[in-house]
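Commentary on secondary and tertiary structure
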Amino acid sequence: MNIENPKKRKIVIAGAIAFIGVMLYMEFTSRDILDTHGVYTIAQITHVSQHTGRNNMSGYKATFTYTLDGRAYSGGNSDYAFNRSMAGRRYFVLVAPGKTRKTKLLYDHPVPDWFTADPPSQGWKRLPSAEELRKIMSGALQEHR
């Protein structure tokens, strides 16, 4: 395609700007949905692997499973802070409602080992505190007696 023609050049530039604008809009609105309407549940990390991402920067990708509304899902997030020792551990994960592929693994919020109860089927509206988790555990223990 020859874009030496000034009119064609303007059309190509306008198209590129529009494409970039749409991509930025989609990225920011999906983050907003996750942060404002997302629910928290528990993810089990199944695998952590090293990978090369954008700009040839290396990092780690954590693959995990979680349950929401009685259905099992799998997801994956990449971050430079992840490491292989995370495999097998449980962390809180933020999931966008209705968009279960949009997740954010909260690697700085591991689930305490003593918390063995299941999360609520629809997740938590906010990240539960240690005290809230203790109350859930004491209720779960009462049910098993």
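Just so we're clear, the structure is a prediction, and the values are computed from it rather than from any experiment.

Counting its secondary structure elements, the protein contains 2 helices and 5 strands. The linear arrangement of helices and strands in the protein, starting from the amino end, is α-β-β-β-β-β-α. For the protein, long-range pairs separated by at least 24 residues make up 47% of all intrachain contacts whose partners lie at least 6 apart in sequence. With an accessible surface of roughly 10200 Å², the protein has 54% of that area assigned to carbon and sulfur atoms.

Moving on to the pairing of strand 4 (residues 90-96). The element strand 4 is extensively covered by neighbouring structure, given that 6 of its 7 residues are classed as buried. Inspection of the sheet shows strand 4 paired to strand 5 (residues 99-110) by 6 bridges, in the antiparallel sense. Bridge assignment links Ala 96 to a residue of strand 5, and that residue is Lys 99. As consecutive antiparallel partners, strand 4 and strand 5 are separated by 2 residues, and within that stretch Gly 98 has a phi angle of approximately 75°, a positive value.

Looking at soluble globular proteins, one finds that nonpolar side chains tend to be buried together. Residues Ile 45, Phe 64, Tyr 66, Met 86, Val 93 and Leu 105 are the most contacted members of the largest nonpolar core, which totals 16 residues. Counting residues per element, the ones that place at least two in this core are strand 1 (39-52), strand 2 (58-68) and strand 4. When residues in this core are grouped by element, the largest group, 5 residues, is from strand 2. Leu 34, Leu 94, Trp 124 and Leu 133 belong to the second-largest nonpolar core, a separate cluster that totals 13 residues.

Let us look at the side chain of Thr 41. Here Thr 41 is to be found in strand 1. Within the structure, Thr 41 has its side chain in polar contact with the backbone oxygen of Thr 67 (distance 3.4 Å). Those residues in contact with Thr 41, other than ones at most four positions away along the chain, are Tyr 66, Thr 67, Leu 68, Tyr 91, Phe 92, Val 93, Val 95, Pro 119 and Trp 124.

All right, on to unusual backbone geometry then. Across the chain, the bulk of peptide bonds are trans and the bulk of non-glycine residues have phi less than zero. For Asp 69, which is not a glycine, the phi torsion comes out positive at approximately 55°. One can find Asp 69 in the loop between strand 2 and strand 3 (71-79).

Mean pLDDT over the protein works out to 82, with 82% of the residues at or above the 70 mark. Model confidence for the protein, summarised as mean pLDDT per element, is weakest for helix 1 (residues 6-37) at 73 and strongest for strand 4 at 94.

Considering all chains together, one arrives at 1 salt bridge under this definition. With a shortest N-O distance of 2.8 Å, Glu 132 and Arg 126 are connected by a salt bridge.

This part covers the environment of Gly 75. Residue position: Gly 75 is located in strand 3. You can call Gly 75 buried: its relative accessible area is 17%. Gly 75 sits 32 residues away from Ala 43 along the chain, and the two C-alpha atoms are 9.0 Å apart.

Cut-offs applied
- Residues numbered from 1 in each chain as written.
- Predicted model: local features only at pLDDT ≥ 70, side-chain atom pairs only at ≥ 80, totals over all residues.
- Heavy atoms only, no water.
- Helix = DSSP H or I, 4+ residues; strand = E, 2+ residues; numbered from the N terminus.
- Contact = heavy atoms within 4.5 Å.
- Areas by Shrake-Rupley, 256 points an atom, 1.4 Å probe, with all protein chains shown as cover.
- Buried < 20%, exposed > 50% of the residue type's maximum accessible area, 1.4 Å probe, protein only.
- Pairing = 2+ DSSP bridges.
- Core = buried A, V, L, I, M, F, W, Y, C linked by side-chain atoms within 4.5 Å.
- Polar contact = N/O pair within 3.5 Å; in protein donor to acceptor, adjacent residues only side chain to side chain.
- pLDDT = per-residue confidence, 0-100.
- Salt bridge = Lys/Arg side-chain N within 4 Å of Asp/Glu carboxyl O.

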